[in-house]
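Now for the letters of each chain:
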Amino acid sequence: MKITSIDTILLRTPYECGGPKPNFGGRVWDRAETLLVKVQTDAGVTGWGEAFGYNVAPTTKTAIDTVLAPLYVGSDARNIEGLMREMQMRLNYQGRNGSVIYGMSGIDIALWDIAGKIAQQPLHRMFGGSGRSHITAYSSLMRYTDPTIVAKNTVASIERGFQYVKLHEIDEPQVRAAREAGGPHFGLMVDTNCPWSLGEALAMARRMSPYNLYWLEEPCWPPENFEALAAVRAKSGVTVAAGENAGSVMDFKHMFQAGAVDVAQPSVTKIGGITEMRKVIALAEAFNVRVVPHSPYFGPGLLATLQLLSAAPQMPLVEWLYFDLEQTLYGDAIAPRNGQIAVPQGPGLGLDPDAKVIERYRVG
Ligand SMILES: [Mg+2]
């Protein structure tokens, strides 16, 4: 079964997030962006993947269109593990992290979708999973800065049934506002996106300690400063989460060896797709580290995460970005209900995207 074509489709969808639109990577993030990867085969089976887009969507799209697609087309679509290894080796000089690996991730997800469709099994069954039908989700809020808006959206998330709420704030008043508004019984996480030196991170961990954080995410710059994360863990006692900026399973090996994290957060559209993600999950189990993937996605990246978590050995928790999209690729099939997301039971990723929604929001 040969790969006959690989196409990229960028979607930009209007959304509401309970406050002003965030600034991300130097521009206002006024649309939710999804970079779809469509892989077709000579067996007539089509797979859908997603490569990390956001503000790097143009470079990831270019990497797939100009570098990766010509290399993959003609290959055996069943040779998923082999292709991941081969392409990592052939393209090693392009960097072991970033848009080329993101592009490989999208293609890998699509190839697994094809494998599941050929086998007529959802991926969690192929991975030997228990077939969890629902995964507990946490509400992942934008950075609003205004404590009043943080409090409002924390309460709104709890009222929607979420038992866990994650902020993207970097100061203490916003964290206090969330805890005071939401009460003592919900899991409160704070994702800071790598702003601080070790000294600053320790000071902030101390300031936030009264609010009983479920975890503190990426407190130190740069993301691969694993010794600093280990020191934050050891000296403050806070639960530390990180991993969305890792480029391969080797990065996680170094992270775990440094004792940097309690919670590993591989991102399926960035790390090397489902193939590399399964290696990270196995490695984390060996190091007694919990895996809670990074998954602020609305397309195949979220479906792949759900399929992996349905089969994962540990208690799963999935990130749900607190966005209401104008229209979604899957209707309300994976909309959270009472803080739970249903795992799609169709073959492969479990669902195919709605062609009408693609046509409506595609760019170009
Ligand atoms: Mg994060």
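This structure is a prediction, so every number in the text was calculated from the model and none was measured.

Caption draft 1: View of the nonpolar core. Ranked by size, the top nonpolar core spans 116 residues in total, and within it Ile-274 and Phe-323 carry the most contacts. A total of ten residues in this core trace back to one element, the largest contributor, which is helix α3 (residues 99–119). Built from parts of two domains, this core gets at least three residues from each of domain 1 (3–120) and domain 2 (125–349). Sequence-distant contacts of Ile-274, defined by excluding residues within four places in its chain, comprise Asp-108, Ile-109, Trp-112, Leu-123, Phe-127, Val-268, Ala-304, Leu-308 and Leu-349.

Caption draft 2: Broad picture of the pairing of strand β1 (residues 3–13). Of all the eleven residues making up β1, eight are buried; the element is thus mostly covered by neighbouring parts of the structure. Sheet topology places β1 next to strand β5 (residues 32–41); ten bridges connect them, and they run antiparallel. Bridge pairing in β5 places Asp-7 opposite Lys-38.

Caption draft 3: Summary view of the coordination of the magnesium ion. Looking at the metal site, the magnesium ion is ligated by Asp-191 (OD), Glu-217 (OE) and Glu-244 (OE), spaced 2.0 Å from it. Each donor residue of the magnesium ion belongs to the same chain, with the gaps between them written as D-x25-E-x26-E. With a gap of 53 residues between them, Asp-191 in strand β9 (residues 187–191) and Glu-244 in the loop between β11 (240–242) and α9 (249–257) connect regions that are remote in the sequence. For Asp-191, a relative accessible area of 1% puts it in the buried group. Glu-244 sits in the buried class, given a relative accessible area of 9%.

Caption draft 4: Representation of the side chain of Thr-192 within the structure. Mapped onto the elements of the fold, Thr-192 is located in the loop between β9 and α7 (198–208). Note on Thr-192: relative accessible area 1%, which makes it buried. In this structure, Thr-192 is in contact with Arg-143, Glu-169, Ile-170, Leu-216, Glu-217, Glu-218 and Pro-219, ignoring residues within four places of it in sequence.

Caption draft 5: Molecular detail of the sheet that holds β1. Spatially, three strands are ordered β1-β5-β6 in an open sheet, and the strand pairing comes out antiparallel. Of all strands in the sheet, those with a lone pairing partner are β1 and β6 (46–51), marking the two edges. If you compare each strand with its neighbour and ignore which way they point, the axes differ by 25° on average. Sitting on the sheet, helix α11 (residues 300–311) is in contact with β5 and β6, with an inclination near 100° to β6.

Caption draft 6: Spotlight on the packing of helix α1 (residues 57–72) against α3. Axis separation between α1 and α3 bottoms out at 8 Å; the angle between their running directions is 65°. Every pair of crossing elements has a handedness; the one defined by α1 and α3 is right-handed. Every residue of α3 that contacts α1 at Thr-59, Thr-60, Ala-63, Ile-64, Leu-68 and Tyr-72 is listed here: Ser-99, Val-100, Tyr-102, Gly-103, Met-104 and Ile-107.

Caption draft 7: α3, seen in detail. An ideal rise of 1.5 Å per residue puts 30 Å on 21 residues; α3 measures up with 30 Å between its terminal C-alpha atoms. Counting buried positions over the 21 residues of α3 gives 18, a clear majority of the element. Backbone geometry just downstream of α3 places Gln-120 in the positive-phi region, at approximately 55°.

So, how was this worked out
Residues numbered from 1 in each chain as written. Predicted model: local features only at pLDDT ≥ 70, side-chain atom pairs only at ≥ 80, totals over all residues. Heavy atoms only, no water. Core = buried A, V, L, I, M, F, W, Y, C linked by side-chain atoms within 4.5 Å. Buried < 20%, exposed > 50% of the residue type's maximum accessible area, 1.4 Å probe, protein only. Helix = DSSP H or I, 4+ residues; strand = E, 2+ residues; numbered from the N terminus. Domains from an automatic or database assignment. Contact = heavy atoms within 4.5 Å. Pairing = 2+ DSSP bridges. Donors = N, O, S within 2.8 Å, 3.2 Å for Na, K, Ca; no water. Axes fitted to C-alpha atoms, helices over the stretch in contact; angles between N-to-C directions. Left-handed = near helix turned anticlockwise from the far one by under 90°. Expected span 1.5 Å × (residues − 1).

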